[in-house]
Amino acid sequence: MQKKEYKVDDIKTLQQKLNDIKIAQQTFSTYTQEQVDKIFLAVAREADKQRIPLAKMAVKDTGMGIVEDKVIKNHYAAEYVYNAYKNTKTCGILERDKTFGYTKIAEPIGVISAIIPTTNPTSTVIFKILIALKTRNGLIISPHPRAKNCTITAAKTLLNAAVAAGAPEGIIGWIDEPSLELSNEVMKGSDLILATGGPGMVKAAYSSGKPALGVGPGNTPVIVASSASIPMAASSILMSKTFDNGMICASEQSVTCLKDVYDEFKKEIIRQGAYLLNKNEANKVGKIILKNNSVNPAIVGQSAFTIAKLAGINVPKESKILMAEVDSVEFLREPFAHEKLSPLLALYKANTFDEAIKKVQRLVEQGGLGHTSSLFINHETDYDKIIKWQTAMKTGRCLVNSPASQGGIGDLFNFKLKPSLTLGCGSWGGNAVSENVGVQHLLNYKIVACRRENMLWYRVPEKVFIKRGSLAFACREFKDVYNKKRAFIVTDNFLYYSGFTKEVTKYLDEMDIQHATFFDVEPNPSIDTARNGAEAMKVFKPDLIIAVGGGSAIDAAKIMWVLYEHPEVVFEDLAMRFMDIRKRIEKFPHMGDKAYFCAIPTTAGTGSEVTPFAVITDNKTHIKYPLADYELLPKMAIIDPDLTLNTPKGLTAASGIDALTHGLEALASVMATDFTNGMARESVRLILKYLPSAYDNGANDVKAREEMANASCMAGIAFANAFLGVCHSMAHKLGSHFPIAHGVANALLITEVIKFNCSEAPIKMGAFSQYKYPQGLKRYSQLSEYIGIGGKTPMDKVNHLIKEINKLKEHIGIPKTIKATGVKEDEFLKKLDILSEEAFDDQCTGANPRYPLISEIKQMFLNAYYGEQKNSEK
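What you see is a predicted model; the values in this text were computed from it and never measured.

Analysis parameters
Residues numbered from 1 in each chain as written. Predicted model: local features only at pLDDT ≥ 70, side-chain atom pairs only at ≥ 80, totals over all residues. Heavy atoms only, no water. Helix = DSSP H or I, 4+ residues; strand = E, 2+ residues; numbered from the N terminus. Rg over C-alpha atoms; globule rule 2.2 N^0.38 Å. Buried < 20%, exposed > 50% of the residue type's maximum accessible area, 1.4 Å probe, protein only. Contact = heavy atoms within 4.5 Å. Areas by Shrake-Rupley, 256 points an atom, 1.4 Å probe, with all protein chains shown as cover. Phe/Tyr/Trp six-rings, centres within 6.5 Å; stacked < 30°, edge-to-face > 60°. Lys NZ or Arg CZ within 6 Å of the ring centre and 35° of its normal. 1 Å grid on protein atoms, 1.4 Å probe; cavity = no way out; pocket = protein on both sides within 12 Å on 5 of 7 lines; lining within 4 Å. Points joined across faces, edges and corners; volume = space filled by probe spheres on them. Nonpolar A, V, L, I, M, F, W, Y, C, P; charged D, E, K, R; others polar. Pairing = 2+ DSSP bridges. Axes fitted to C-alpha atoms, helices over the stretch in contact; angles between N-to-C directions. Expected span 1.5 Å × (residues − 1). Core = buried A, V, L, I, M, F, W, Y, C linked by side-chain atoms within 4.5 Å. Parallel < 35°, antiparallel > 145°, perpendicular 65-115°, else oblique. Left-handed = near helix turned anticlockwise from the far one by under 90°. Patch = residues over 30% accessible without salt bridge, like charges linked within 9 Å, V, L, I, M, F, W, Y side chains within 5 Å. Salt bridge = Lys/Arg side-chain N within 4 Å of Asp/Glu carboxyl O. Disulfide = S-S within 2.5 Å.

K.L.:
Please clarify how the overall build of the protein chain should be interpreted in this entry.
P.N.:
In terms of regular secondary structure, the protein chain is built from 30 helices and 25 strands. Against the globule reference of 29 Å for 874 residues, the protein chain gives a C-alpha radius of gyration of 29 Å, in line with a compact fold. For the protein chain, the spread of C-alpha atoms along the three principal axes comes to 85 × 70 × 60 Å. In the protein chain, buried positions account for 63% of the 874 residues. Looking at the protein chain alone, contacts between residues at least 24 apart form 76% of all its contacts between residues at least 6 apart. As displayed, the protein chain has an accessible area near 33600 Å², and 51% of this comes from carbon and sulfur atoms.

Following this line, the structure appears as structure tokens:
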């Protein structure tokens, strides 16, 4: 029987709630690891689904921060915490090393009280609920009064998900009407306090008489050494300092730059968007930084422009941070020396490395002991200086060549540092732990986390057959090499009745391979179609699946393959968004145990025959879901240009420009490598050269058709490994809401995206460890040189590239604007906000080199609709 809910707004109801949680936790403490992990996964899934609504609510309730960044924080709290601990044993024996005689046993603590800050009111809830449930603890939440609505909403949502997965009812509770009295009482009544908040709250937690894990002020100091990469240092500091308007406690508060690179660094960070305050302006801003000897709440989480207005000065609206050159590191003399929780930054100069260390030591001693410090340096040539610095710093996180906000919370720029939104400060900061708080704690660590580039890959099908006539040779392998008996062909209605599949079945008949054909794939394949195909496979029981057609048939066949081999999977789980394909919450099942998969394209465009992606449409919502996992990679691809000779003009244009977009986006991706760049550049060159003739002459220009088939496959290989970008994100949603072919949608948007990605000082940059600073302009200009397009400056070369693309689009009959496709203005504007938000959350957005705000996506949509710069606020 479900317990009756009641409001917790006084001591009596709080004590009743604590008692209910204790009873629930006693039951929970008997759960097995399997039961706990089921609950852990369910809650992570639900948190991931709610990342955008909770982010919006957090900004609305608190008036602080940036929605898009809070979306990322919520997503991170769900996905990265889940990924970090999904395989961690938290019940019984955790580790046993017989060689060293080490055994670790886990038992729950009991009831944990969670103090939630106003700066991270939903992501911290997600984080603390996940680690509490993973360790079989109950949780009582004390929200910040200013953020109680979003905090309680997050808690309720995740409690419901936990209970639905088998957790005891009432395992999570909260205070409905928070007050100082109730916060103190909740700390006294719990078994452990997990405190995240201001110094006063942390001090109260440690004074409660109960064990506490807390944090303190960050005040992260940065040293930029003489050997540092200045562009990377400036870009990393700005990425971190502007994230959620500087509210992550690990964000940089001061930069101490060595004298010999001081002017260069100052010039570079200004070029990338920092505003340097003059002496008078710095004095005015300094006067509003503190209030009652603490950071002024009025500036916390506000933009640089808003803070400038509060101080009575005028700065450009696009200013990313306000930076002041200061001399004193003493708190009593210099307000800029304090933690500011906003896009304000102090800039110091040091004559020597030793002097720089002394300055940052003093800053940490006054506020920031045990938290985080950062250093930009050449770690190979100056490793001795790293040792000197790390030895001197009394901080739990010593970050090398990393943005402090993203580096400090873990698993983004160093992959041994655990992800967390509660960063311990150790005994230096009066805390119980010095490491990132997680399911393991109560050890005092000093962790040096050096930035590393993530491992990348170059994955293609086992076999890729190319050249005219390759179909006949390759098909023989079905029998001669793989000894297949039963083939299931997936295609569309047009190709089936046009006889295309006979080009395959005649070889199957010669080899006595039985076959069946499913030919109901629509242009935008739906989930229902995929399920129908899987049912037909279930009846036929093939050991070979052959997809014949364009991207629609191949994508549909991939999903059918999954559902055939693993009928237990839930499609919606497979479609779950991820930030890193290796760290996704929902793991794809292993493929190929029942059937071998071969893809035979009949168009030159999608590249689906060599990619781990598939796009499928929800029949009810009409939303297109791009699925991605290397388990979806075909085992064999047959690229026979003869199958593309008679492709209609319209399809030649749409598929060809789609392939061009694949090459352009793979080249600019944050995950691009030397391996993918070669494929991407050459595919773009071939398409610009041969698509016009393939369009004009069709089967009469076999050479053009063959080169287009090769280019499409090469572009597919490139983006299969480097991934795509925001152009495809926008095209997916444009095609979902309006009857515009995918390739045409890409064509309408790609030049806007190229211009967008060329910014050398973007508001947001794609966060991927190998992508050190904005490179869009450089990569596009190098492409221009590669394909023989001239230009005096990098931007000049890019403009000429855009002209060539527009010239190609005009040649093959692509409309110039979205409006020209027939989309009515009122319908477009009505859907503009949802289009922009859905595109932001599309799977492809994460690899874009310039991470877009929703407002920036909206502006690109407007530009593409009208064909000119259009104010998104009008």
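Here the narrative resumes.
K.L.:
Looking at this model, I keep getting lost on the packing of aromatic side chains. Mind explaining?
P.N.:
Aromatic ring pairs are reported here in terms of the distance separating the ring centres and the angle at which the planes meet. As enumerated under the stated definition, the model contains 20 aromatic pairs in all. Ring geometry for Phe613 versus Phe719: centroids 5.4 Å apart, planes at 10°, classification stacked. Here Phe613, found in strand β23 (residues 613-617), pairs with Phe719, found in helix α24 (residues 702-722); they are 106 residues apart in sequence, far enough to count as distant. Pair check on accessibility: Phe613 and Phe719 agree, each one buried. For the ring pair Phe828 and Tyr865, a centre distance of 4.4 Å and an interplane angle of 15° mean the geometry is stacked. Here the residue Phe828 occupies a position in helix α29 (residues 825-840), and Tyr865 occupies one in helix α30 (residues 854-866), the gap between them amounting to 37 residues. Grouping aromatic residues by their ring pairs yields a cluster made of Trp457, Phe613, Tyr630, Phe719 and Phe723. Above the face of the Tyr262 ring, Lys349 is positioned so that its terminal group lies 4.6 Å from the ring centre.

K.L.:
Can you help me understand empty space enclosed by the protein in this one?
P.N.:
The gaps of empty space that remain are located by a probe, the size of a water molecule, rolled over the atoms. The final tally for this structure, using the stated rule, is 4 cavities of 30 Å³ or more. Put simply, the largest cavity is a space of about 60 Å³. Lining the largest cavity we find Thr603, Ala604, Thr644, Thr647, Thr652, Ser655, Leu691, Ala694, Arg705 and Met708. Counting residues per element, the ones that place at least two in the lining of the largest cavity are α22 (649-668), α23 (674-697) and α24. Per-class residue counts for the lining of the largest cavity are 4 nonpolar, 5 polar and 1 charged.

K.L.:
Teacher, can you tell me more about the sheet that holds strand β4 (residues 138-142) here?
P.N.:
Two modes of strand pairing occur in sheets, parallel and antiparallel, and in both the strands are linked by backbone hydrogen bonds. Spatial ordering of the open sheet is given by β5-β4-β3-β6-β7, a layout of 5 strands whose pairing is parallel. Single-partner strands in this sheet number two, and they are β5 (172-174) and β7 (212-214). Ignoring which end each strand starts from, the neighbouring axes of this sheet average 20° apart. The pairing of strand β3 (residues 111-115) with strand β6 (residues 192-195) spans 4 bridges and is parallel.

K.L.:
Can you help me understand helix α25 (residues 726-737) in this one?
P.N.:
Along an α-helix, residues three or four apart share an orientation, since each turn contains 3.6 residues. In a regular helix each residue adds 1.5 Å, so 12 residues correspond to 16 Å; α25 covers 17 Å between its end C-alpha atoms and thus fits that length. When you tally the buried positions in α25, you get 11 out of 12 residues, the bulk of the element. If you check which residues of α25 are buried, you get Val726, Cys727, His728, Ser729, Met730, Ala731, His732, Lys733, Leu734, Gly735 and Ser736.

K.L.:
What is the right way to read the nonpolar core from this model?
P.N.:
In a soluble, globular protein the nonpolar side chains are often hidden away together inside. Counting 151 residues, the largest nonpolar core has Ile129, Ile141, Ile818, Phe828 and Phe861 as its most contacted members. Formed by 37 residues, the second largest nonpolar core is a distinct cluster that contains Val222, Ala225, Met232 and Val400.

K.L.:
What should I look at first to understand helix α9 (residues 230-242) in this one?
P.N.:
Along its 13 residues, α9 runs 18 Å from first to last C-alpha, staying within 8% of the 18 Å computed at 1.5 Å per residue. Here α9 lies mainly inside the structure; 12 of its 13 residues are buried. Within α9, the full set of buried residues consists of Ile230, Met232, Ala233, Ala234, Ser235, Ser236, Ile237, Leu238, Met239, Ser240, Lys241 and Thr242. Following α9 by one or two positions, Asp244 adopts a phi angle in the positive range, close to 50°.

K.L.:
How should the packing of α23 against helix α27 (residues 776-786) be read in this particular structure?
P.N.:
In a pair of packed helices, the angle between the axes and the distance between the axes together describe the arrangement. One can describe the packing of α23 onto α27 by two numbers: an axis separation of 10 Å at closest approach and a directional angle of 55°. If you check the angle between α23 and α27, you find them oblique. As for how α23 packs across α27, the hand of that crossing is right-handed. Contact with α23, carried on its side by Arg681, Glu682, Val684 and Arg685, involves Gln782, Leu783 and Tyr786 of α27 and no other residues of that element. Each residue belonging to the contact of α23 with α27 can be placed in one class, and the counts come to 3 nonpolar, 1 polar and 3 charged.

K.L.:
Would you mind going over a nonpolar patch on the surface with me for this structure?
P.N.:
Among the surface-exposed residues, Tyr458, Val460 and Phe675 lie close enough to one another that they form a single nonpolar patch of about 280 Å² accessible area. By the secondary structure assignment, Phe675 is in helix α23.

K.L.:
Honestly, the pattern of salt bridges in this entry has me stumped. Any pointers?
P.N.:
Under the defined criterion, the tally for this structure stands at 26 salt bridges. In this structure, the salt-bridge partner of Glu760 is Arg271, at a minimum N-O distance of 3.8 Å. In this pair, Glu760 sits in the loop between α26 (742-757) and α27 while Arg271 sits in helix α10 (residues 259-271), placing the two residues 489 residues apart along the sequence. Residue Glu760 is classed as partly exposed on the basis of its relative accessible area of 38%. With relative accessibility at 41%, the residue Arg271 sits in the partly exposed group. For Arg850, the salt bridge goes to Glu856, with nearest N and O atoms at 3.0 Å. With respect to burial, Arg850 and Glu856 carry one shared label: buried. Connected through salt bridges with shared partners, the residues Lys7, Lys148 and Glu177 form a single ionic network.

K.L.:
I tried to follow the state of the cysteines on my own but got confused; where do I start?
P.N.:
One covalent bond between the sulfur atoms of two cysteine residues makes up a disulfide. A complete count under the given rule lists 0 disulfides for this structure. Free cysteine Cys475: the closest other cysteine sulfur is in Cys598, separated by 6.7 Å. Of the cysteine sulfurs around Cys758, a residue in no disulfide, the closest is that of Cys727, at 14 Å.

K.L.:
Looking at this structure, I do not really get the sheet that holds strand β21 (residues 544-549). What am I missing?
P.N.:
The 6 strands lie next to each other as β18-β25-β22-β21-β19-β20, forming an open sheet whose pairing is parallel. Looking at strand neighbours, the two that pair on one side only are β18 (463-466) and β20 (514-521), the edges of this open sheet. Going across the sheet, the axis of each strand differs from the next one's by a mean of 15°, ignoring polarity. Here 6 bridges tie β21 to strand β22 (residues 596-601), and the two strands are oriented parallel to one another. The residue of β22 that forms the bridge with Ile546 is Cys598. Where helix α19 (residues 527-540) meets the sheet, it contacts β19 (486-492), β20 and β21, and its direction lies at approximately 165° from that of β20.

K.L.:
Explain the pairing of strand β13 (residues 321-325) to me, please; I cannot follow it from the model alone.
P.N.:
Regular strands show a simple pattern: their side chains alternate between the two faces of the sheet. Burial analysis of β13 places 4 of its 5 residues in the buried class, the great majority of the element. As defined by bridge partners, strand β10 (residues 274-276) adjoins β13 across 3 bridges and the pair is classed as parallel. Residue Ala274 lies in a different strand from β13, and its bridge partner there is Ile321.

K.L.:
Hey, could you run me through unusual backbone geometry in this one?
P.N.:
What is expected of a backbone is that most residues other than glycine have negative phi and most peptide bonds are trans. Phi is positive for Asp411, which is not a glycine, with a value near 70°. Structurally, Asp411 is set in the loop between α15 (404-409) and β17 (447-450). Taking relative accessible area as the criterion, Asp411 reaches 7% and is therefore assigned buried.

K.L.:
Would you take a moment to explain the environment of Gly301 for this structure?
P.N.:
Assignment of secondary structure puts Gly301 in the loop between β12 (294-295) and α12 (304-311). Expressed as a C-alpha distance, the spacing of Gly301 and Asp244, which sit 57 residues apart in the sequence, is 6.8 Å. Discounting residues that sit within four places of it in the chain, Gly301 has contacts with Met64, Gly65, Asn245, Met247, Leu341 and Ser342.

K.L.:
Would you mind showing me how to read the environment of Met232 here?
P.N.:
When you line up the elements, Met232 lands in helix α9. The residues touching Met232, leaving out its near neighbours within four places in the chain, are Phe376, Asn401, Arg451, Lys772 and Tyr773.

Purely geometric stuff here, so don't read any function into it on its own.
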